[in-house]
Amino acid sequence: MTILVTGGAGFIGSHTCVELLNSNHEIIVLDNYSNSNIESLNRVKRLTGKDFKVYEVDLLDKEKVEEVFKENSIEAVIHFAGLKAVGESVEKPIYYYQNNIMGTLILTELMQKYCVHNLVFSSSATVYGDPKEVPISEDSPLYATNPYGRTKLMIEEILRDLYVSNNNWSIASLRYFNPIGAHESGLIGEDPKGIPNNLMPYITHVATGKLTELNVFGNDYSTPDGTGVRDYIHVVDLAKGHIKSLGKVLSTKGIEAYNLGTGQGYSVLELVDAFEKASGQKIPYKIAPRRSGDIAECYADPAKAERELGWTTVKSLEEMCIDSWRWQKKNPDGYLTKAAYMSGH
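Residues numbered from 1 in each chain as written. Predicted model: local features only at pLDDT ≥ 70, side-chain atom pairs only at ≥ 80, totals over all residues. Heavy atoms only, no water.

1. Some remarks on the sheet that holds strand β14 (residues 297-298)
Worth spelling out the cut-off: Two strands qualify as a pair provided that DSSP identifies no fewer than 2 bridges between them. A run of DSSP states H or I qualifies as a helix once it reaches four residues; a run of E qualifies as a strand once it reaches two. Both are numbered from the N-terminal end.
Strand order in the open sheet formed by 3 strands is β12-β9-β14, with mixed pairing between adjacent strands. The strands lining the two open edges of the sheet, one partner per strand, are β12 (266-267) and β14. When strand β9 (residues 229-230) meets β14, the two strands line up parallel, connected through 2 bridges. In the strand pairing of β14, Arg-230 is matched with Cys-298.

In structure tokens:
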């Protein structure tokens, strides 16, 4: 039996593939490479010494997705595939609703048809919107402030309805906070196309000189230094959360949501400071106006994941910064950098 990983070539997907293979799971990856690179999967194979099937398929192409189910004996699905840029979702809401929601509807319809009822879904802390209080627990009110977050919220609702209609389903919705870092080998990491939307790759691009300075959006929030506070989690800790969640869905029925975060909030300027210390690089920045949809602070109460999944984070903010910088230094052009791949670890 095999685990199907949709969006497995992406940042979190590729790190989760490493952990799945290291836990002796067989995997199949499905990806359309719209925001990823097949090179990440070549490196996953190299890191683990294991091979696996890869399908270049878009989830909206139902016939091709069905072929994957016909050709393989799939036991569970980890569903990462989806568009994820908040700003772009505000500009192109229909594109986001069609891609993220339709893709998931096609996937779950085929799972139902082929009697695959185990699903780990990649949700997001954006489903909490602008929280009234922090830390945020899973029973905090749900309210998204942008189309990207609403797609995640709507999919969670769809999955709840799915379980009500058929109690054979076993579903974990994982609400991620802010994944950063990279595999300690420096072989896989975050490789956004174009100008990064996320803070850490923006910082590392400034560190390498690709970008001249960091824009800090807003310094007038009600936080200790006025900049936004977020819960940064190492991507390897996050990937291990998927392994624990998979074990849970394979052994139970039902639907549960879990926060995957550290429970600790850091401001933008604290992250910049930590990165400067870890890398020895100065990060010039300027204060820019707040972005619409941004909130003051957002960090997790991860107690439920510890209690029910036996999962906790182990990597520090310093390790997140060191690993991000190692990846960027070895791969200044991301997965287009062949030299780092050829030179190994």
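That shown, we press on.
2. Topic: helix α6 (residues 147-165)
The test is simple: Each helix should span, by expectation, one fewer than its residue count multiplied by 1.5 Å. The classification of residues rests on relative accessible area computed with a 1.4 Å probe and restricted to protein chains. Under 20% of the type maximum is buried, over 50% is exposed, and intermediate values are partly exposed. Throughout, a residue-residue contact means that at least one pair of heavy atoms, one from each residue, lies within 4.5 Å. The definition of a polar contact used here is a pair of N or O atoms within 3.5 Å, where within protein one atom must be able to donate a hydrogen and the other to accept one, and adjacent residues in sequence count solely through side-chain atom pairs.
A rise of 1.5 Å per residue sets the reference length of α6, with its 19 residues, at 27 Å; its end C-alpha atoms lie 27 Å apart and thus fit the reference within 8%. Burial in α6 covers these residues: Pro-147, Tyr-148, Gly-149, Thr-151, Lys-152, Leu-153, Ile-155, Glu-156, Leu-159 and Leu-162. Contacts made by the buried residues of α6 are with α4 (86-91), α5 (93-113), β5 (118-124), β6 (170-176) and β11 (254-260). Where α6 begins, one side-chain oxygen reaches toward the backbone nitrogen of Tyr-148, 3.3 Å away; that side chain belongs to Asn-146.

3. Notes on the packing of aromatic side chains
Counted only if it meets this: Centres within 6.5 Å make a pair out of two Phe, Tyr or Trp rings, where for Trp the six-membered ring is used; the pair is then stacked when the planes are under 30 degrees apart, edge-to-face when over 60, and tilted otherwise. We call a charge positioned above a ring when the Lys NZ or Arg CZ atom is no farther than 6 Å from the ring centre and deviates by at most 35 degrees from the ring normal.
Overall, the coordinates contain 4 aromatic pairs when judged by the stated rule. On the numbers, 5.8 Å between centres and 85 degrees between planes, the contact of Phe-275 with Trp-325 is edge-to-face. With a gap of 50 residues between them, Phe-275 in helix α9 (residues 268-279) and Trp-325 in helix α11 (residues 317-330) connect regions that are remote in the sequence. Just above the ring of Phe-52 sits the side chain of Lys-45; from NZ or CZ to the centre is 4.9 Å. One Lys or Arg, Arg-290, reaches over the ring of Tyr-221 and ends 3.9 Å from the middle of that ring.

4. Digging into α9
Taking 1.5 Å of rise per residue, the 12 residues of α9 would be expected to cover 16 Å, and the 16 Å separating its terminal C-alpha atoms lies within 8% of that figure. Those residues of α9 that fall on the buried side of the exposure criterion are Val-268, Leu-271, Val-272, Ala-274, Phe-275, Glu-276 and Ser-279. Each element contacted by the buried residues of α9 is listed here: β7 (178-180), α7 (199-207), β8 (214-217), β10 (232-234), β12 and α11. Just past α9, the residue Gly-280 takes up positive phi, approximately 75 degrees.

5. Focus: the pattern of salt bridges
Just so we agree on the cut-off: The salt bridge criterion pairs a side-chain nitrogen of Lys or Arg with a carboxyl oxygen of Asp or Glu, the two atoms within 4 Å.
Counting across every chain of the model gives 17 salt bridges. Here Arg-175 makes a salt bridge to Glu-156, at a shortest N to O gap of 2.6 Å. Remark: Glu-156 occurs in helix α6 and Arg-175 occurs in strand β6; sequence separation between them is 19 residues. Bridged by salt links that share partners, the residues Glu-156, Glu-157, Arg-160 and Arg-175 form one connected network.

6. Here's the deal with the sheet that holds β6
The cut-off we apply is this: Fitted lines through C-alpha atoms serve as axes, helices being fitted only where they are in contact, and the angles separating the N-to-C directions of these axes extend from 0 to 180 degrees.
An order of β3-β2-β1-β4-β5-β6-β11 is seen for the 7 strands of this open sheet, with the pairing classed as parallel. A single partner strand is all that each edge strand has here, and the edge strands are β3 (53-56) and β11. Neighbour-to-neighbour, the strand axes of this sheet turn through a mean angle of 15 degrees, independent of strand direction. Sheet topology places strand β2 (residues 26-31) next to β3; 4 bridges connect them, and they run parallel. For Ile-28, the partnering residue across the bridge sits in β3 and is Lys-53. Lying over the sheet, α6 contacts β5, β6 and β11, oriented at roughly 155 degrees with respect to β5.

7. Observations regarding the nonpolar core
Put simply, the rule is: Take the buried Ala, Val, Leu, Ile, Met, Phe, Trp, Tyr and Cys residues and link them wherever side-chain atoms come within 4.5 Å; each set so joined is a nonpolar core.
By size, the foremost hydrophobic cluster in this structure holds 40 residues, and its most contacted members are Val-5 and Ile-27. Ignoring any residue separated from it by four or fewer positions in sequence, one finds Val-5 in contact with Cys-17, Leu-20, Ile-27, Ile-28, Val-29, Leu-30, Ile-78 and Phe-80.

8. Regarding the side chain of His-183
With respect to the helices, strands and loops of the structure, His-183 is situated in the loop between β7 and α7. When sequence neighbours within four positions are dropped, the list of residues in contact with His-183 reads His-15, Val-18, Leu-47, Ile-188 and Val-236.

9. Considerations on the confidence of the model for the chain
Filter applied, for reference: Think of pLDDT as the predictor's per-residue confidence, scored from 0 to 100.
For the chain, per-residue confidence averages 96 on the pLDDT scale, and 98% of positions sit at 70 or higher. In the predicted structure, residues 339-345 sits below a pLDDT of 50 and forms 18 contacts with residues beyond four places in sequence or in another chain.

10. Comments concerning the side chain of Ser-36
Looking at where Ser-36 falls in the secondary structure, it is placed in the loop between β2 and α2 (38-48). Given a relative accessible area of 10%, Ser-36 falls into the buried group. At a separation of 3.0 Å, a polar atom in the side chain of Ser-36 contacts the side chain of Asp-31. Residues in contact with Ser-36, not counting those within four places in the same chain, are Ala-9, Gly-10, Asp-31 and Lys-193.

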